[in-house]
Amino acid sequence: MHSPFRRTCVALSIPAVLLLSACSDDGLGDTDALSGVDLHFTDEGTPEVILRSPLELEEEASRVLDRGDGEDIDEGQILEVSHAVADPDSGEIQEESFSADNPSMIYLPQMQEQSEFIYDSLTDTDLTIGSEIALFEPANAETGAPATLLVLRVEDQSPAFAEGEVQEQDGELPEIENEQGVLPELLGGNDGEEPEEVSTEVLIQGDGEEVAADDQVVVRYSGWKWSDGELFDSNWPQDDEEPDAGPAGFPLSSLVPGWAEGLEGEQVGSRVLLVIPPESGYGESDEDAEEGTQHELAGETLIFVVDLIASAEAPEAAAPAPESGQPELSEEDIQEMIEQMEAEQGGAEDGAEGEDSGSDDTSSDEANSDEATDEETD
């Protein structure tokens, strides 16, 4: 799709992975060293990390603080987690997402690529939904990263693909090989007349909340050109050997208009087929346009299959900076101001000389006054 997106996983500072000798349902590494860590909440819902003593560890360690009563964690799912980063000496919170009620998302196979320690802490400790776990990372002398205490609570989990009732296609739009949890394939049907407007068809019907046109979404997707059926973008792994980077997250407003037009009102959990004509895609092709001035997909009708995994209200854009209020000045105005400043500066220097003379007179008067006083004293 050639469009920017950001991964919606917790951004963690991860040092080199250490081999840990201890592994149990309670955690990894020296779990006893974390026995004095507790997570509490104020009446306002703000987290507090309580330490009975500063943490003095030289290796990574994790400990389950509270085991939730939800379902077991599935290693192939996306975890929704709230987190707090605390000073391991004092417990002071440095960053947290609990009070914002806006969990981050961790795709476990992707986390395995980033940090075996965090992945193993989440998957080898029999965690369940609702569980809380503390993870300690020692200071890293090579990068200068300080020691960190991270506390996570697993809020929920969801599949990394559309999950619902598979629908039969009506034959009006291109035929898609459609199996839940499997890479979709374009089978044909794109050799007829191209739709003049954005056209959609639900391939798998989910039962989640409806998507708004200005939402931020987490999706799996594949895109083909109508003209020749070429796959031009996908975030599904194309073979078993290719690592799975996981779903992508981005605001619909950052994409071609056809995405928002076609996905608005669809339910999370659904797989949706989109056919997007050029005017709702990358625009009409201009044969007279200079090379590099238009998108390579300009003029193309696009076919997308989108798995709607999650959707949330996009963050508000920052308000524009207020205008300075300073008037625009011509060169003549600027030159006149410079001359005026020079004239004022010259007057100030003359005044300064006069003040110095007056100062001398004052000193002389004070000296005469002192002499007169001495004479009277005599």
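> Explain the overall build of the protein here, please?
Each helix and strand in the protein was counted, giving four helices and 19 strands. Taken across its 378 residues, the protein has 40% of its residues classed as buried. In the protein, the proportion of contacts linking residues at least 24 apart, taken out of those at least 6 apart, comes to 74%. Here the protein has roughly 21600 Å² of accessible surface; of this, 41% comes from carbon and sulfur atoms.

> I'm lost on the pattern of salt bridges in this one. Help?
Pairing of side chains with opposite charge becomes possible as their charged atoms draw close. Across all of its chains, the model carries seven salt bridges by this definition. The salt bridge partner of Asp 307 is Arg 271, with a shortest N-O separation of 2.7 Å. Of this pair, Asp 307 sits in strand E19 (residues 302–313) while Arg 271 sits in strand E18 (residues 271–276); the two residues are 36 residues apart in sequence, bridging distant segments of the chain. In this pair, the class of Asp 307 matches that of Arg 271, namely buried. A single network of salt bridges, built from pairs that share partners, joins Glu 132, Arg 153 and Glu 155.

> What is the right way to look at the confidence of the model for the protein in this model?
If pLDDT is low for a region, its predicted coordinates should not be looked at in detail. Of all residues in the protein, 76% have pLDDT values of 70 or greater, and the mean over the chain is 82. A low-confidence stretch, residues 1–23 (pLDDT under 50), is modelled with 71 contacts involving residues beyond four sequence positions or located in other chains. Per-residue pLDDT stays below 50 along residues 354–378; that stretch engages in zero contacts with residues further than four places along the chain or on separate chains.

> Hey, could you run me through the environment of Pro 237 in this one?
Mapped onto the elements, Pro 237 comes out in the loop between strand E16 (231–234) and strand E17 (248–251). C-alpha separation for the pair Pro 237 and Val 182, spaced 55 residues apart in sequence, amounts to 9.8 Å.

> Looking at this model, I keep getting lost on the pairing of strand E7 (residues 93–96). Mind explaining?
Where a strand is regular, its side chains alternate between the two sheet faces. Where strand E6 (residues 78–86) meets E7, three bridges bridge the pair, whose relative direction is antiparallel. Bridge assignment links Val 85 to a residue of E7, and that residue is Glu 95.

> For this particular structure, what's the right way to read the packing of aromatic side chains?
Here a ring pair, both rings aromatic, is described through the centre-centre distance and the interplanar angle of the planes. In this structure the tally under the stated criterion is six aromatic pairs. For the pair Tyr 221 and Phe 250, a centre-to-centre distance of 6.5 Å together with 65° between the ring planes defines the contact as edge-to-face. With a gap of 29 residues between them, Tyr 221 in strand E15 (residues 215–225) and Phe 250 in strand E17 connect regions that are remote in the sequence. What links up through ring pairs into an aromatic cluster is the set Tyr 221, Phe 232, Phe 250, Trp 259 and Phe 304. The side chain of Arg 220 reaches across the aromatic face of Trp 236, ending 4.8 Å from its centre.

> Quick question: what am I supposed to make of the environment of Val 256 here?
Mapped onto the elements of the fold, Val 256 is located in the loop between E17 and helix H3 (257–263). Along the sequence, Val 256 and Pro 278 sit 22 residues apart, while their C-alpha atoms lie 9.7 Å from each other. Setting aside its immediate chain neighbours within four residues, Val 256 contacts Ile 276, Ser 280, Gly 281 and Tyr 282.

> I'm lost on unusual backbone geometry in this one. Help?
Across residues other than glycine, the phi torsion is negative in most instances, and most of the peptide bonds are trans. Of note in the backbone geometry, Asp 126 takes a positive phi value of approximately 55° without being a glycine. Relative to the elements of secondary structure, Asp 126 occurs in the loop between helix H2 (116–123) and strand E9 (132–137).

> In this structure, what is going on with H2? I would like to understand it.
An α-helical segment advances 3.6 residues per turn. Residues three or four places apart therefore align on the same side. Within H2, six of the eight residues are buried, which leaves it mostly tucked inside the rest of the structure. For H2, the full list of buried residues reads Phe 117, Ile 118, Tyr 119, Ser 121, Leu 122 and Thr 123. Check the buried side of H2 and you find it contacts strand E2 (27–28), strand E5 (61–66), E6, helix H1 (108–114), E9 and strand E10 (148–158).

> For this particular structure, what's the right way to read the environment of Gly 262?
Following the sequence through the fold, Gly 262 ends up in helix H3. For the pair Gly 262 and Thr 200, spaced 62 residues apart in the sequence, the C-alpha separation amounts to 6.1 Å. Every residue in contact with Gly 262, bar those within four places of it in the chain, is listed here: Val 198, Thr 200 and Leu 274.

> Teacher, can you tell me more about the pairing of E18 here?
The element E18 is extensively covered by neighbouring structure, given that six of its six residues are classed as buried. Residues Arg 271, Leu 273 and Val 275 point to one face of E18 and Val 272, Leu 274 and Ile 276 to the other, with burial holding for every one of them. Looking at chain direction, strand E14 (residues 199–205) and E18 are connected through five bridges and run antiparallel. Bridged to Glu 201 within E18 is Leu 273. Pairing analysis gives six bridges linking E18 to E19, with the strands arranged antiparallel.

About the thresholds
- Residues numbered from 1 in each chain as written.
- Predicted model: local features only at pLDDT ≥ 70, side-chain atom pairs only at ≥ 80, totals over all residues.
- Heavy atoms only, no water.
- Helix = DSSP H or I, 4+ residues; strand = E, 2+ residues; numbered from the N terminus.
- Buried < 20%, exposed > 50% of the residue type's maximum accessible area, 1.4 Å probe, protein only.
- Contact = heavy atoms within 4.5 Å.
- Areas by Shrake-Rupley, 256 points an atom, 1.4 Å probe, with all protein chains shown as cover.
- Salt bridge = Lys/Arg side-chain N within 4 Å of Asp/Glu carboxyl O.
- pLDDT = per-residue confidence, 0-100.
- Pairing = 2+ DSSP bridges.
- Phe/Tyr/Trp six-rings, centres within 6.5 Å; stacked < 30°, edge-to-face > 60°.
- Lys NZ or Arg CZ within 6 Å of the ring centre and 35° of its normal.

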